[in-house]
Structure formats: C-alpha cells, structure tokens
Amino acid sequence: MLRKINRDRFYSILLISPSIILIALFVYGFIAWSIWVSFSNWEGLRPDLTFRGVQNFVRLFSNPRFHIDIRNTIVFTVFFLTACIGLGLTLAVVIDQRIRGENFFRSLFLFPMAVSFIVTGVVWRWMLAPGDPATGRLTGVNILLDKINLPPLKWYTDPTVIHISANSQLGQLLDSVGLGFIANPLYGIPVAMISIVIAATWQMSGFVMAMYLAGLRGIPEELREAARVDGANEGQVYRHIVLPMLRPVTLSAVIILGHISLKIFDLVAAMSKRGPGFATDVPAYFMFETTFHANNFAQGAAISIFMLVTVSLLIIPYLIYSSRTDSEI
Amino acid sequence: MSTNNIKTFSIFSILLIAALLFTACGPATTPTPEPPVTPTTPPDEPPDDFTGTLEVFSWWTTGGEAAGLENLFELYKNKFPQVEIINATVAGGAGFEAKPALTARMLGGDPPDSFQVHMGQELTETWVVDGFMDPVTFIFESEGWDQYYPQGVLDIISYEGEYWTVPVNIHRANVLWFNQEVFDQYGWTPPSTFDEFFALAEEMQAEGITPLALGDVGIWASTHLFEVVLAGSMSPDKYNGLWTGKTDWNGPEVKQALENMARMIEYANPDHAALSWDQANDLVIQGRAGMTIMGDWVDADNLAKGFEHSGWAHPPGTDGIFVALSDTFGLPLNAPHRDNAIEWLKIVGSKEGQEAFNPVKGSICARSDCNPNLFGSYLQGAMQDWESHTIVPSLAHGAAAPESWVALINDVMTSFVTNLNVASAQAGLAQSCIDAGICQ
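For clarity, every value in this text was computed on a predicted model and none was experimentally measured.

## Here's the deal with the environment of B:Ala366
Next, step 1: Tracing the backbone shows B:Ala366 in the loop between β15 (364-365) and α16 (377-388).
Next, step 2: Overall, the relative accessible area of 0% leaves B:Ala366 in the buried class.

In structure tokens form, the structure reads like this:
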C-alpha cells in the first residue's frame, strides 16, 4: 500500500516536473533577471549589468510622462471595470429571463472574447477614425453620428483632458482648502481614453456576462420563490437575494478585468499608441518605447517591475483569499 | 449540450475557422514571385560567383521611396541574376516601426545582409559603438569613393578611423512648402523671419485659411518642426553646440525657439494629432492651409499627387542653413551573405545607383558628381544649396543625437504641442540632455 502511494507520487512529480522546470526558468527566472536589469546600468544594445541602484526608479517616478500614465491607467481601470460589470450584469439578467434564442445571444455576446486585442484594436481604430479633415470625408461611427445630426467626434485623437480649471469656482474653493493641485490636467479625464474603453468593453463585457450568468444559474430557485412568498417584488428579489449572492462573481470579475487593465498594451498599441499629449499612453506602452525605441533597457525593466508590483497587489490578496475559501470547503 | 446548442456552436465554429483561414491566407499569398528579369547588359562578372540570397532591410514601402529601392534592386539583379533579393521592409514613417523590429533581429543574432540606417548618431551610437557593424572602408578604397563624397559626409560616417556605412541620399529637413497659386492670388510672399511669418499667419487667418499645416500623428513631425525652429532661432554654431552640451538648454536661445514654436502651433490646424505629414500636405495642396514645414520628401509627395503649383522657401531664420539627414546602408557584423551584401553596397554608393535612386525618391545624391539634369527643379536648387549652405544635422531623423535622447525629446514635444507650456518644456529638454548623458 505504502509503495503504491510512493509510486503514484513519483509519477505525479515526474509528470508535472517539465512544466515546473519551464515555468521556473521562463517565468520566475526571467522575472528575477528583469528585477536585476531594473537596478542595472543597461542603456544601449550591449547588456551592461553592473549595479546602479534605485536610480532607474527615482528617474521613473520623476518622469512627467509616467505621472500621466498612472492617471491614464486609473481612468481606464475605473471606466473599463464599471462599463464591463454594468453591461455584463445587465446582459446576464436579461438573458436569464429564459428568453427565446438564449443560446444564440449567449454565444453572440461571448464571441468578441475569442478575438485578440490587436484585432479589436485595428477594427475599432477604423470604426472610431476621426475621418479626413482635408477632404471632410467622415468614416466609421462618425457617419452614424452625422446621420442623426450630431457633430463628428475626434475619438482617440482628441487631446482634451477634462479637469477642474484652476480659475473656476470649484478650483478656487479647492485652492482655499489646500487642494489646489487637483485643479490640474494630471487629475483629469483624457477624452481619448474613452475610445479605448469602448473597444475594451466591447471585447470583455460578454465574458463578464458569462460569469454572471453562471452565477445566476447557481442561485437556487427556491430562495427566490421563498422571497416572493414573503411578499418581495422582483426588484426586491434582485436587491436582497440575487445581487448579494453574486458578490463572489463580482470579485472574480474585478480581479480578472483589473489585471487586464493594469497590463493593457496591445489594444492601445493597435489603436492610438501614446495618443495626443499622452492621452492614451499606458505604462506598458511606455515600457515598449523606452526599451525598443530608446534602447534604454534598464529603465524599461524598471517600468515592467512597477507593473508587476501593481498587478501583484491585486492578485496576491485574491489568491490568499481564494485558497482560504477552498480549504474551508 | 442540446441539439440546438450544438447547432449554434458549430455554426460559430465554422465561421471562426473560416475567418482564421482567410486571415492566414492573406499574407501567404502576398509575395507574388517576381518574373525573372533578363539582364539588359551582359554581367561584368561571371554570375556563378554570386548565388543565394541578399536580404535588405528598410522602411521604404510607399510611393517614390519604394520605387527608388526597386530601381536599386533592378541594377543588382541585372548584375547578379542568380541572387535572390529579399526585400525586408517594415512600414512606418521615419522608421518608427522598423527600428524595434531591426533591434530584435540584431540582438537575436539574425542580422539582415544590409539595413537602412540614418547617418549620424543613430548609426554611430546605436550600432557602431556597441560593435554590431563591420567597417566598409575597404569598399570606399576599392571603389575610389573618397573623392566623390563631400568631406562633411565622410566625417559623419567615420568612427575611430573607419567608414561604417554607405550613404545613398541627402534630404533637407528645413523647407517651407506653400501653394503658389494661393500665394499669387492674395499677393503673399513666403516669410523669411519669424515676425514676417506671424504677420503672414494673421493675414491667412483673416482669409479663413489655416496658416500652418501640421501632421504629427507619429510625434516625430513635431520634433521635426522643433528642430527647424531651433535652427532658425540661433546660429549654426549654437545649434551644433546643443548636441554636445556646449549650448545651454536653459539658455535664452532655446527659450526663444520654444516661444516661436508655441506661437506657430497656435496657428496650426487643431487636429494635427490626428494627421500624418502627408495629410497635412494635402491641406496645403487643397488651399485649406497656407504653409507646412516638412522635409523635402514633400516634393516627391507632390509629384505623386500631381500637384504642380508647389512653392518652397527657407523656413524663418534658416536661409543659408541646410538641416541635413541621410539614409545609408551598412554592413552588419556576421551578415549571412556578406559577399552579396558588399556588392549591394557597391551599387548603393555608385554614381549609377544614386542617379537611379534619388530622382525617384525625391532626394539629392550623397555623392557630389550626379548629373543635375536628371532631377526636378526643387532638387536642382537643393543640390546647389548643399554645396553652398552651412550644413547642420537633423534631430528628428537621427543625425544629431542618439536615439535614446531623441526619444526623450519626442516625449517633451508630445506634451508641449498640447499644453504649449514653454517653461516646463525647457526644463524637460534640459533634463533630457542630462538623462542622455551629454549635459552635466
């Protein structure tokens, strides 16, 4: 009996060892390598791994482009998560009403997820193209806007950053309480980012819908029935029974979407790159340009390490939480 | 799964597979085999000596530049019909997309046989100093090119006593382009000082014409405008000193240049961030904008678009100054088909090659012995200016500063053209000089 367990264990270790070795080398090994590079002197194409210290990070945090990138990431994350979760939950609730053609709609909404962000980016770049001002020819969505007598929008080429003006009443009020620094584009919302949010939401909201739909189907009908028997109307059923029971799904959705939005690169690279005045610049794109245009590998590694840390701050508590709930079961 | 479910699923799967097939087929069918070219002249050397392939990497994919490259390939094919030429191009203005692709190949130990690179710091700092190139001095010696290339060019391509690349053309960055018909209609003359420029801009605005067309969707066009304004706001010596740390980036000249540029941007089309340089030129062609400041590749763009009423002048303050950039081809260390590549470079540097390439590309020869009659009227003027003007290196196109510094200046420009904040731009430029390791 004992021998059999040992043999089982031996085979199981043998079977997973290739993936353990490969992941140790190509994931954790290269993370360690990147951390080392981020503290090194490597500028230019020839690796120079002599130790420089925290200077790469000091320079990064004093770089105005990086400040804008952090603003953009926050704006993108907030809008993208709100839109995806709002839309995904709405679609899931609608489809959960046992409508006709449910399978069709479920596949329809889920399908954009099968497309890569690069493809989404290229398609939405065309759809949201501002048109050619030289000829006045409109393209994409702007044609639709024109048909309903709305002015064409500049979409991802719009340099506007909506922010509190320092001269406005609110700006002066903030200044009087020592918060005048908020009246600055750095604490604003870049309009161009909305276009990226639209494309990302188109792609990911179906996935959130599928998660919520699974969650909704997991709620026993008896619970809803019981609530109805107690005199709850449909709104109250959702408010007090369904939504609280969907909380774990929301948490998973936030984690999954959140780590996508912190790392987003391909969609931005395909759609608008840095954008006017860095309106759509994100840390990952900054990292790409620093490393492969400016050949500043040490600085590029510092940006990637910063991104790794932010994603870890999101993922690690979640992993701890989910392993605890697993062990409780 | 219910049958209904399976049916929907299969329909979508088939659609997906079909979509994948279409996309997969696309690129595969694109490179149609070239029909074999019959040599018009008998080859000078037995063709058996040269076989295999020749891979040339560049970012020349459109219009005159692609046609010029094709002319060079024709010359090569006539001479060495056995060699198969691989035209490895990555599209994108000023090589913005191509350079990362080249970097990845060079670092991965997979160099092309020869690649396009800008003369100056882009070549020297990025590739030569770090030991990725083979010197080509021996080609200059065997072909006797020293006497045909101007000394200024030979100095720029030298490093530690060797030549490192073969220049094929010279472009001028500081040209002010306008629509001659529009100027004639209103009786305007091109401005030669910044004061005249702003006065004319006011008149244009009064007529409902956008004074300055700018298209900086890839931010380099803003950096390009900035370098022209820099060169126009200080003496050539001061301008050259910027790149060695001799001229103070915090000084009054740079401040003046930034103020000039900020005022110019206020007269530019507000949608400049959405346009490319050639779309900006379209605004001039259609008479919707008065002027554009761009390199002399606009001449080729005008020719391609059949626009015949183009006028040109020196942008404010740059009369007598030639802001130059040059495309060159180098020989990477461990080029897989070194012999083929050497023969390619001999064609690139020859009079015959440059006369085949440049009139189509819209640039002047890097050699000084090309026949001016092959060139259009703009280029003939540029050839004369090249002989007589003070030559200074271009910033946006890799001649003046290393790529790491250009990237930092591009970042400063990205913010500057939207917020027009002179003080923060000047601080950013001074900091970029320190970060690039040039200034203390």
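## Observations regarding the domain arrangement of chain B
Residue and element names in this part refer to chain B.
Next, step 1: With domains assigned, chain B is organised as domain 1 (25-171 + 328-375) and domain 2 (173-323 + 398-435).
Next, step 2: Inter-centroid distance (C-alpha atoms) of domain 1 to domain 2 is 30 Å.
Next, step 3: Contacts between the two partners involve 15 residues from domain 1 and, on the opposite side, 13 residues from domain 2.
Next, step 4: Between domain 1 and domain 2, the buried area comes to about 1100 Å², and carbon and sulfur atoms account for 60% of it.
Next, step 5: Applying the counting rule to domain 1 against domain 2 returns one salt bridge.

## Quick look at the sheet that holds strand β11 (residues 289-294) of chain B
All names here are of chain B.
Next, step 1: Spatial ordering of the open sheet is given by β10-β11-β9-β12, a layout of four strands whose pairing is mixed. Edge positions in the sheet fall to β10 (210-213) and β12 (310-313), since each has one partner strand and no second. Averaged over all neighbouring strand pairs, the angle between strand axes comes to 25°, with direction disregarded.
Next, step 2: Pairing geometry for β10 and β11, over three bridges, is parallel. When the bridges of β11 are listed, Ala-213 appears paired with Thr-292.

## Some details on the nonpolar core
Next, step 1: Counting 135 residues, the largest nonpolar core has B:Trp243, B:Trp249 and B:Trp344 as the members making the most contacts within it.
Next, step 2: Per-element tally for this core: the top contributor is helix α9 (residues 220-233) of chain B, with eight residues.
Next, step 3: Taken domain by domain, the makeup of this core includes at least three residues from each of domain 1 (25-171 + 328-375) and domain 2 (173-323 + 398-435) of chain B.
Next, step 4: Grouped together as the second largest cluster of nonpolar side chains are 49 residues, A:Leu145, A:Trp155, A:Ala253 and A:Leu257 included.

## Concerning unusual backbone geometry
All names here are of chain A.
Next, step 1: One non-glycine residue, Lys-273, lies in the positive phi region at around 55°.
Next, step 2: Relative to the assigned elements, Lys-273 resides in the loop between α12 (266-271) and α13 (283-292).
Next, step 3: A positive phi is found at Phe-278, a non-glycine position, where the angle reads about 65°.
Next, step 4: Looking at the secondary structure, you find Phe-278 in the loop between α12 and α13.

## Things to note about a nonpolar patch on the surface
Residue and element names in this part refer to chain A.
Next, step 1: A cluster of nonpolar side chains, namely Leu-22, Ile-23, Leu-25, Phe-26, Val-27, Tyr-28, Phe-30 and Trp-33, defines an oily patch on the protein surface of about 810 Å² accessible area.
Next, step 2: Within the element layout of this structure, Val-27 appears in helix α1 (residues 2-38).
Next, step 3: Of the residues examined, Val-27 reaches a relative accessible area of 37% and is grouped as partly exposed.

## Description of empty space enclosed by the protein
Residue and element names in this part refer to chain B.
Next, step 1: With the rule as written, the count across this model stands at two cavities of 30 Å³ or more.
Next, step 2: Counted as a void, the largest cavity has a volume near 80 Å³.
Next, step 3: Lining the largest cavity we find 13 residues, and of these Lys-99, Thr-103, Thr-126, Trp-127 and Glu-403 sit closest to its centre.
Next, step 4: Elements represented by at least two residues in the lining of the largest cavity include exactly α3 (98-107), β3 (114-118) and α4 (121-128).
Next, step 5: The class makeup of the residues in the lining of the largest cavity is five nonpolar, five polar and three charged.
Next, step 6: Taken together, Ala-213, Leu-214, Gly-215, Ala-221, Trp-277, Ala-280, Thr-292, Ile-293 and Met-294 make up the lining of the second largest cavity.
Next, step 7: Residue assignment for the lining of the second largest cavity shows that the elements contributing at least two residues are α12 (277-285) and β11.
Next, step 8: Counting residues per element, the lining of the second largest cavity draws most heavily on β11, which supplies three residues.

Reading guide: rules and limits
Residues numbered from 1 in each chain as written. Chains lettered and ligands numbered in written order. Predicted model: local features only at pLDDT ≥ 70, side-chain atom pairs only at ≥ 80, totals over all residues. Heavy atoms only, no water. Helix = DSSP H or I, 4+ residues; strand = E, 2+ residues; numbered from the N terminus. Buried < 20%, exposed > 50% of the residue type's maximum accessible area, 1.4 Å probe, protein only. Domains from an automatic or database assignment. Contact = heavy atoms within 4.5 Å. Buried area = accessible area lost by both parts, 1.4 Å probe. Salt bridge = Lys/Arg side-chain N within 4 Å of Asp/Glu carboxyl O. Pairing = 2+ DSSP bridges. Axes fitted to C-alpha atoms, helices over the stretch in contact; angles between N-to-C directions. Core = buried A, V, L, I, M, F, W, Y, C linked by side-chain atoms within 4.5 Å. Patch = residues over 30% accessible without salt bridge, like charges linked within 9 Å, V, L, I, M, F, W, Y side chains within 5 Å. Areas by Shrake-Rupley, 256 points an atom, 1.4 Å probe, with all protein chains shown as cover. 1 Å grid on protein atoms, 1.4 Å probe; cavity = no way out; pocket = protein on both sides within 12 Å on 5 of 7 lines; lining within 4 Å. Points joined across faces, edges and corners; volume = space filled by probe spheres on them. Nonpolar A, V, L, I, M, F, W, Y, C, P; charged D, E, K, R; others polar.

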